[in-house]
Amino acid sequence: MKKLIITAFVGLFLFTAKAQTQLTSSVSSKPLTVASSPESVGISSERLKRIDNVLNQLVEQNKLPGMVALFTKNGQIVYQKAFGYSDFQTKKPMKTDDIFRIASMTKAITSTAVMMLYEEGKFSLDDPISKFIPEFKNPRVMKSFRFADTTYTSEPAKSEITIRHLLTHTSGLGYGVIDGDESFKAMYKKAGIVDLFTTNPVKIGDNIKKLAKLPLHHNPGEKFTYSEGLDVLGYFIEIVSGKPFDEYLKQHLFEPLGMQDTYFYLPDSKKDRLVYIHKPDSAKTWVRYPVTFYDPNYPISGAKTFFSGGAGLSSTAKDYATFLQMLLNGGTMNGKRFLSRTTVDLLTATNQTGELYGSKGESFFSLGFSVISQIGQMKGNGSAGRFNWGGYFNTNYWADPKEKIIMVLMKQTQAAPDGGSEALFTRMIYQSIDD
């Protein structure tokens, strides 16, 4: 009899636990909505007011022309506000649904798409990329470079570049115009490599095939070198899925997630919501960023044929938070499963680069994110396991699985200090917790 009671109790416990898990999953996978009150998700209304004050000061003190700040807790929007101007010249007010060039925040979306195809059994992470893009067969490593005529010598690499290397920036590929090595800047420029985005009639396949012919910084897997690996993987997605990269993202991520404002190139109906890129001028005011190696108008003009997996997307704060919420939910959103929980862990929580990342142990690099370690948590950098990255035009995000918080801070500046806005907003979010 006692055994039967114990068995029944254990069965009830397991049933209840399973039901609770299903309930939590069901609730957390719903679309992002505004919390009924901050207190309902363990946030202090009184302390939220401090965020208004500090972010307003950044604009009032001319440290930023404007921004959109958003954070969620437990899958609900707690804070979503716009500050300053989307166009400082005309004093056009910033709005919460304004669209920003997210640049390298594109990388996390590309990495996620790669892992969705990985779950279909299309490839192994340690497959050589040359299996899918033959031009990468027999890679070579730079040995010497002559700036006088941009000639170089190279030697055979010790191994092939794998898909894992591309996801983790350990392939040895460079990043051209933003590369830390001047010889690679010159070499990529001479070869006509598109490094970030373009309004010219270029396709990613043509660009990647040219890139594959150039030597590497180092042998694959030997170092962490921030690179165009995610651009290569954008083309790889086209090959493996049989769809244009932009169409694959639209059909498999953006539409089912409800990300209705995320594009490589904006439709005419939404182009007026694109925030101008700003830079400070000598009069200590903000001016529109000029055409340099790229045209700042790239999401709304030009050939619209180049889909950069490393830097090409534009989006809103809410759209990007929706994408992050799917990962924080363990791969589900809007009642649909995009990735398994185990694959999300592989993508966001595993140290894929060992000591190569070079952060003194305070963080590590997963298959798409910088992740805070236990050492980083002890240093006061945030909860261990919080994953993040940012973008070239001063956009920032992080997701904290422990606290179930997402932060997205959208700005649009280049070559400008910003008063430490990301660190400040982060600190103010954590101080508002009241659970």
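Each remark here, short or long, concerns the structure printed above.
Description of the structure in this document.

Analysis parameters
- Residues numbered from 1 in each chain as written.
- Predicted model: local features only at pLDDT ≥ 70, side-chain atom pairs only at ≥ 80, totals over all residues.
- Heavy atoms only, no water.
- Helix = DSSP H or I, 4+ residues; strand = E, 2+ residues; numbered from the N terminus.
- Rg over C-alpha atoms; globule rule 2.2 N^0.38 Å.
- Buried < 20%, exposed > 50% of the residue type's maximum accessible area, 1.4 Å probe, protein only.
- Contact = heavy atoms within 4.5 Å.
- Areas by Shrake-Rupley, 256 points an atom, 1.4 Å probe, with all protein chains shown as cover.
- Lys, Arg positive; Asp, Glu negative; His and termini not counted.
- Charge placed at Lys NZ, Arg CZ, Asp CG, Glu CD.
- Salt bridge = Lys/Arg side-chain N within 4 Å of Asp/Glu carboxyl O.
- Phe/Tyr/Trp six-rings, centres within 6.5 Å; stacked < 30°, edge-to-face > 60°.
- Lys NZ or Arg CZ within 6 Å of the ring centre and 35° of its normal.

### Brief notes about the overall build of the protein
So, point 1. Check the secondary structure of the protein and you find twelve helices and 17 strands.
So, point 2. Radius of gyration (C-alpha) of the protein: 23 Å, near the 22 Å computed for a compact globule of 435 residues.
So, point 3. For the protein, buried positions account for 53% of its 435 residues.
So, point 4. In the protein, of all internal contacts separated by at least 6 residues, the share reaching a separation of at least 24 is 67%.
So, point 5. Of the accessible surface of the protein, which amounts to about 19,000 Å², a share of 52% is contributed by carbon and sulfur atoms.
So, point 6. Positive and negative side-chain charges in the protein, numbering 51 and 42 respectively, have mean positions lying 2 Å apart.

### Concerning the pattern of salt bridges
So, point 1. Enumeration over the complete set of coordinates arrives at 15 salt bridges.
So, point 2. In this structure, Asp-97 engages Arg-273 in a salt bridge whose closest nitrogen and oxygen atoms are separated by 3.9 Å. Residue Asp-97 is found in the loop between strand E4 (92-93) and strand E5 (100-101), and its partner Arg-273 is found in the loop between helix H8 (245-257) and strand E8 (278-280); the two are separated by 176 residues along the sequence.
So, point 3. For Asp-149, the salt bridge is made with Arg-146, and the minimal N-O distance between the two is 3.3 Å.
So, point 4. Taken together, the shared-partner salt bridges connect Asp-97, Asp-261, Lys-270 and Arg-273 into one network.

### Let's talk about the packing of aromatic side chains
In this description, an aromatic ring pair is defined by two values, namely the gap between the centres and the angle between the planes.
So, point 1. This model, assessed by the stated rule, comprises 32 aromatic pairs.
So, point 2. Measuring from centroid to centroid gives 5.6 Å for Tyr-294 and Phe-393, while their planes differ by 70°, and the two rings are edge-to-face. Of this pair, Tyr-294 sits in the loop between strand E9 (286-288) and strand E10 (314-315) while Phe-393 sits in the loop between strand E15 (387-391) and strand E16 (395-400), and the two are 99 residues apart along the sequence.
So, point 3. In this structure Phe-393 comes out as buried when scored by relative accessible area, which is 0%.
So, point 4. Taking the centre distance of 5.6 Å and the plane angle of 80° together, the rings of Phe-365 and Trp-389 count as edge-to-face. With Phe-365 in strand E13 (residues 363-365) and Trp-389 in strand E15, this pair connects stretches of sequence that are 24 residues apart. Residue Phe-365 shares its accessibility class with Trp-389, and that shared class is buried.
So, point 5. The ring centre of Tyr-85 lies 5.7 Å from the NZ or CZ of Lys-91, which sits over that ring.
So, point 6. The aromatic ring of Tyr-276 is capped on one face by Arg-288, whose charged end is 4.0 Å from the ring centroid.

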